[in-house]
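Structural description and commentary
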Amino acid sequence: ARPSPSTVSLSVRDNVLYVELCRPDKLNAMSFDFWTDMRAVFLWAAACSEFSVCVLTAQGKHFTSGLDLTDERNRPPVDDSDPARARYKTVGHIKILQDAFSAIEDCPKPVIAAIHG
C-alpha cells in the first residue's frame, strides 16, 4: 500500500515518482519521522509498478539543513548505567537512520536527487 508520510509528499507524473521534502519552515531538517518515512517510501517505490524513476526534491529555499537537532528522537538513547548496553542501543539507533539510506540505495529504479540551495 502507498505510504502516507508526514515529512515528504508523494506525487506521480509522467511515469516519475516525485518525493518532496516538505518541511521548508524547518529548512527540511531530517527529523526522526523523516528516517522512517524515507524507508517506507523507498521500500514501496521498489515494489510499485506505477513509475520507473524516482526524483527526490524539496520545498523551500534549501534542499535540507541536515539532521534535525531539535528532535530528541534523533539522539541515541543514553544509558549511563552500562557502557555495553549504551553502545548496543547506539548501534540500533544508527541502524534506523541507515535503513533509510539503504532503502534508497537498494531501490531498483533510478533515484535522482534534485538538490538546491
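Right, let's walk through the structure included here. (Residues numbered from 1 in each chain as written. Predicted model: local features only at pLDDT ≥ 70, side-chain atom pairs only at ≥ 80, totals over all residues. Heavy atoms only, no water.)

Here we take up the sheet that holds strand β1 (residues 8-13). Judged by pairing direction, the sheet is mixed, and its four strands sit side by side in the order β1-β2-β3-β4 without closing on themselves. Sheet topology places β1 and β4 (111-113) at the edges, where each strand pairs with a single neighbour. Strand-to-strand twist across the sheet, computed as the mean angle between neighbouring axes with direction ignored, equals 20°. Pairing of strand β3 (residues 53-58) with β4 involves three bridges; the strand directions are parallel. Within β4, the position partnered with Leu-56 by the bridge is Ala-113. (Pairing = 2+ DSSP bridges. Helix = DSSP H or I, 4+ residues; strand = E, 2+ residues; numbered from the N terminus. Axes fitted to C-alpha atoms, helices over the stretch in contact; angles between N-to-C directions.)

Following the sequence through the fold, Leu-10 ends up in strand β1. A relative accessible area of 16% places Leu-10 in the buried class. Along the chain, Leu-10 and Val-41 lie 31 residues apart, while their C-alpha atoms are 8.6 Å from each other. When neighbours within four sequence positions are excluded, Leu-10 is seen to be in contact with Arg-2, Pro-3, Pro-5, Leu-17, Tyr-18, Val-19, Val-41 and Trp-44. (Buried < 20%, exposed > 50% of the residue type's maximum accessible area, 1.4 Å probe, protein only. Contact = heavy atoms within 4.5 Å.)

Here we come to unusual backbone geometry. Although it is not a glycine, Asn-15 sits at a positive phi angle of roughly 70°. Relative to the elements of secondary structure, Asn-15 occurs in the loop between β1 and β2 (16-21).

Here we come to helix α2 (residues 83-106). With 24 residues, α2 extends 33 Å from end C-alpha to end C-alpha; this agrees with the ideal 34 Å at 1.5 Å per step. Where α2 bends most, the angle comes to about 30°, and this point is Gln-98. If you check which residues of α2 are buried, you get Ala-86, His-93, Leu-97, Ala-100, Ala-103 and Ile-104. Buried residues along α2 sit against α1 (32-47) and β4. You can read the cap of α2 off the contacts: a side-chain oxygen lies 3.0 Å from the backbone nitrogen of Ala-84, and it is on Asp-82. (Expected span 1.5 Å × (residues − 1). Bend = angle between axes of the 7 residues up to and from the residue. Polar contact = N/O pair within 3.5 Å; in protein donor to acceptor, adjacent residues only side chain to side chain.)

On to the pairing of β2, then. Across six bridges, the pairing between β1 and β2 is antiparallel. Across the sheet, the residue bridging to Ser-11 is Tyr-18, located in β2. Connecting β1 to the antiparallel partner β2 that follows it, the hairpin turn spans two residues, and Asp-14 within it adopts a positive phi of roughly 50°. Alignment of β2 against β3, held across six bridges, turns out to be parallel. The partner of Val-16 across the bridge, within β3, is Val-53. Of the crossover connections in this fold, the one passing from β2 over α1 to the parallel β3 is right-handed. (Right-handed = clockwise from strand over helix to strand, strands pointing away.)

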